[in-house]
Amino acid sequence: MPRDLINAALKGLSRPATVIAVAPGRVNLIGEHIDYCDGFVMPFAIDRSIVIAAAKNGSSEAHLRSEGQPDAAIDLTLPQEIGEPHWANYVRGVIDGFQQLGYDIPGFEACFVSSVPGGAGLSSSAALECATATLLEGLLGISLSKKQKALLCQKAEHDFAQVPCGIMDQFASTFGEENRLVMIDCRSAEVTLVPFENPDLAVIIANTKVHHQLSDGAYAMRRQHTEEALKWLGKPSWRDVTLTDVKARWNDLGDPVNRRARHVVTEIARTQKAAHALAQNDFLLLGELMDASHDSLRDDFEVSCEELDIMVNLAREIGISGGVFGARMTGGGFGGSTVTLCKRECTDVIMTTMRRSYQQATGIVPEIFCSRPSRGAHLVD
Ligand code: ADP
Ligand code: MG
């Protein structure tokens with residue numbers, strides 16, 4: 001329970017809160033850039049969240065406050081539209097989703113507080129959407145299914161933030177559980193909670209603190225490449241495509257579309273193998289799969305960047321003798337964070353080494369921390 005965040009959110013309200021909603025960010029262990037390709041992905045909800053404290057204000061407006069952001073007012077009697085300030089669009093999008101379902105949202109005041117670094121590839125945007133949806137459930141005294149809620153939040157991100165994201169982030173923030181990875185079959189949108197409770201295992205998240213601007217256009221471009229490739233391959237879904245199919249059409253697909261296709265099919269296979277490796281407690285294999293995932297994202301999908309590669313290489317240089325099983329970039333890429341699977345007893349030394357060496361190599365002070373799989377979006381009693 002993020003007590004400090006809750007207290008800070010309560011303090012930011014001008015009246016006693018009647019609803020408190022929490023939703024976490026996420027990190028993806030493996031299965032990158034394939035949530036929009038019918039793939040398998042394996043994220044988990046981290047123990048960093050956005051908390052919203054709120055109370056009805058007797059008006060027909062939502063008054064929103066978030067530290068470091070301009071205040072926002074939203075007229076709840078009108079259809080929602082994209083506007084200023086930008087951050088409130090995530091909230092407008094979720095409000096729109098509830099209005100489309102026929103709900104009449106009462107006026108409210110809300111204070112948002114967060115421990116999810118924004119723009120760090122840990123999906124603060126999904127946390128913001130899922131916390132908002134959970135808050136509206138609380139204000140309305142209703143509850144959507146987790147799947148319906150996650151899909152509504154994804155639509156908010158598409159339509160109001162204009163980011164054509166897959167389903168991973170909102171599913172992870174909604175379905176997360178303590179000690180469980182959220183394995184998502186992105187074709188059927190079915191979720192399997194995969195145990196991740198070995199106390200000897202730890203995950204280090206390293207925020208490179210860079211976010212290269214090309215990311216938005218490049219993301220849309222990667223989606224376009226994968227759609228183009230699938231059309232050329234003549235298959236209804238990436239799940240029907242094999243590496244042999246891709247190799248057979250290599251020249252027809254042309255560069256770089258053929259390499260994008262190779263990433264998708266190999267990453268889907270790696271994620272399935274990773275789930276199996278985890279079930280067998282084969283952490284060496286899991287680490288190798290994570291390494292291979294990074295290499296594929298760097299070379300075939302081309303969504304890494306110098307700083308991500310440096311951070312990943314630093315972890316890999318420590319190697320298994322220093323307790324590192326594997327490392328990879330996580331999230332959309334072009335900056336953001338990496339994820340390192342390691343032995344719990346070695347985490348402090350690994351984090352210190354990574355911090356020092358990354359700063360030496362780049363001049364940037366990174367943000368490096370450990371996280372366990374944590375509970376997804378919920379209301380606080
Ligand atoms: P990521 O999801 O990887 O953190 P995005 O660019 O998708 O990065 O989302 C970041 C955006 O989400 C911010 O620019 C801001 O508009 C919004 N946001 C995130 N956290 C907060 C917060 N605590 N308060 C207000 N807006 C937030
Ligand atoms: Mg985001």
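Quick caveat: nothing in here was measured; it's all calculated off a predicted structure.

The rules behind each value
Numbering of residues begins from 1 in every chain and follows the order in which that chain's sequence is written. Chain A is the first chain written and ligand 1 is the first ligand written, with later ones labelled in order. Predicted model: local features are reported for residues with pLDDT of at least 70 only, side-chain atom pairs are reported and counted for 80 or more only, and whole-chain, interface and lining totals are derived from all residues. For the side-chain quantities, the full set of heavy atoms in the structure was used; hydrogens and water were omitted. Numbering of helices and strands runs from the N terminus; a helix is a DSSP stretch of H or I covering at least four residues, while a strand is a stretch of E covering at least two. Computation of the radius of gyration draws on C-alpha atoms, with the globule rule given as 2.2 Å multiplied by the number of residues to the power 0.38. We call a residue buried when its accessible area falls under 20% of the maximum for its residue type, exposed when it is over 50%, and partly exposed in between, using a 1.4 Å probe and counting protein chains only. A contact between two residues is defined here by any heavy atoms of the two lying within 4.5 Å. Only the protein chains shown count as covering a residue, and every accessible area follows the Shrake-Rupley method with a 1.4 Å probe. The sign given to each residue is positive for Lys and Arg and negative for Asp and Glu; His and the chain ends receive no count. For charged residues, the charge sits on one atom: NZ in Lys, CZ in Arg, CG in Asp, CD in Glu. The criterion for an aromatic pair is that two Phe, Tyr or Trp rings (for Trp, the six-membered ring) have centres within 6.5 Å, with stacked assigned to planes under 30 degrees apart, edge-to-face to planes over 60 apart and tilted to the rest. Note on geometry: a ring has a charge over it if NZ (lysine) or CZ (arginine) is within 6 Å of the ring centre and within 35 degrees of the ring normal. Nearness of a residue to a molecule or strand requires only that one of the residue's heavy atoms be within 4 Å of it. In the analysis that follows, any N or O atom pair within 3.5 Å is treated as a polar contact, provided that within protein one partner can donate a hydrogen and the other can accept it, and provided that, for residues neighboring in sequence, both atoms belong to side chains. Under the scheme applied, nonpolar residues are Ala, Val, Leu, Ile, Met, Phe, Trp, Tyr, Cys and Pro; charged residues are Asp, Glu, Lys and Arg; polar residues are all the others, including Gly. Counted as salt bridges are all cases of a side-chain nitrogen of Lys or Arg within 4 Å of a carboxyl oxygen of Asp or Glu. One less than the number of residues in a helix, times 1.5 Å, gives the span that helix is expected to have. The directions considered for the arc run from the helix axis to the C-beta atoms. Disulfides are defined in this document as cysteine sulfur pairs within 2.5 Å. Strands qualify as paired when DSSP identifies two bridges or more between them. Note on geometry: axes are lines fitted to C-alpha atoms, helical ones only across the stretch in contact, with angles between N-to-C directions running from 0 to 180 degrees.

(A) Region of interest: the overall build of the protein. Along the protein, the regular secondary structure elements total 12 helices and 13 strands. Here the C-alpha radius of gyration of the protein, 21 Å, is about what a compact globule of 381 residues would show, namely 21 Å. A total of 381 residues make up the protein; the buried ones form 58% of that total. Residue pairs in contact within the protein that sit at least 24 positions apart in sequence constitute 71% of those at least 6 positions apart. Carbon and sulfur atoms provide 49% of the accessible area of the protein, an area that totals close to 15,500 Å². Each charge sign in the protein was given a centre, from 36 positive and 48 negative side chains, and these centres are 3 Å apart.

(B) Representation of the packing of aromatic side chains within the structure. Scanning the model with the defined rule gives 6 aromatic pairs in all. A centroid spacing of 5.5 Å and a plane angle of 70 degrees characterise the contact between tyrosine 36 and tyrosine 219, whose relative ring orientation is edge-to-face. On the criterion of sequence distance, the pair formed by tyrosine 36 in the loop between β1 (19-28) and β2 (40-41) and tyrosine 219 in helix α6 (residues 215-233) is long-range, its members being 183 residues apart. Over the ring of phenylalanine 369 we find arginine 48, and its NZ or CZ is 3.8 Å from the ring centre.

(C) Representation of the site of ligand 1. Around ligand 1, a shell composed of 17 residues is seen, among which Ser66, Gly119, Ser123, Ser124 and Ser125 lie nearest. Separating an oxygen atom of ligand 1 from a backbone N or O atom of glycine 121 is a distance of 3.3 Å. Residue serine 124 places a side-chain N or O atom 2.6 Å away from an oxygen atom belonging to ligand 1. Notes on ligand 1: free accessible area 560 Å², of which the protein chains cover 77%. Examining the composition of the shell around ligand 1, we find that 3 residues originate from one element, helix α3 (residues 124-140), more than from any other. Of the residues that constitute the shell around ligand 1, the class distribution is 7 nonpolar, 10 polar and no charged.

(D) Focus on the pattern of salt bridges. Applying the stated criterion to the full structure yields 23 salt bridges. The closest approach of N and O atoms between lysine 155 and aspartate 159, which form a salt bridge, is 2.6 Å. Taken as a pair, lysine 155 and aspartate 159 lie in helix α4 (residues 146-160) at a separation of 4 residues, close to a single helical turn. Aspartate 159 sits in the partly exposed class, given a relative accessible area of 35%. Across the salt bridge formed by arginine 180 and glutamate 197, the nearest N and O atoms sit 3.4 Å from each other. Of this pair, arginine 180 sits in strand β7 (residues 180-185) while glutamate 197 sits in the loop between β8 (190-195) and β9 (201-211), placing them 17 residues apart in sequence. If you follow the salt bridges from partner to partner, you end up with Asp291, Asp295, Arg298, Asp299 and Arg316 in one network.

(E) Molecular detail of helix α12 (residues 347-362). An ideal rise of 1.5 Å per residue puts 22 Å on 16 residues; α12 measures up with 22 Å between its terminal C-alpha atoms. Within the span of α12, buried status applies to Thr347, Ile350, Met351, Met354, Ser357 and Tyr358. Buried residues of α12, seen end-on, are gathered within an arc of 145 degrees and therefore sit on one face of the element. Every exposed residue of α12 that faces more than 90 degrees away from the buried side is listed here: Asp348, Val349 and Gln360. In this structure, the buried side of α12 is in contact with β9, α11 (306-318), β10 (324-330), β11 (335-343) and β12 (367-370). At the exit of α12 stands glycine 363, carrying a positive phi of roughly 80 degrees.

(F) View of the state of the cysteines. Summed over the entire model, instances satisfying the criterion amount to 0 disulfides. Left without a disulfide partner, cysteine 165 is nearest to the cysteine sulfur of cysteine 153, which lies 10.0 Å away.

(G) Inspection of the sheet that holds β7 at higher detail. Taken together, 3 strands build an open sheet; the order of strands is β2-β7-β8 and the sheet is antiparallel. Each edge of the open sheet carries a strand with a single partner, namely β2 and β8. Pairing of β2 with β7 involves 2 bridges; the strand directions are antiparallel. Bridge pairing in β7 links phenylalanine 40 to aspartate 185. Those strands touched by helix α5 (residues 168-175) are β2, β7 and β8, and its axis lies near 140 degrees from that of β7.

(H) Expanded view of the environment of phenylalanine 112. By the element assignment, phenylalanine 112 lies in strand β6 (residues 108-114). Beyond its immediate chain neighbours, meaning those up to four positions away, phenylalanine 112 contacts Ile50, Val51, Ile52, Leu64, Arg65, Ser66, Glu67, Trp87, Val91, Leu128 and Thr132.

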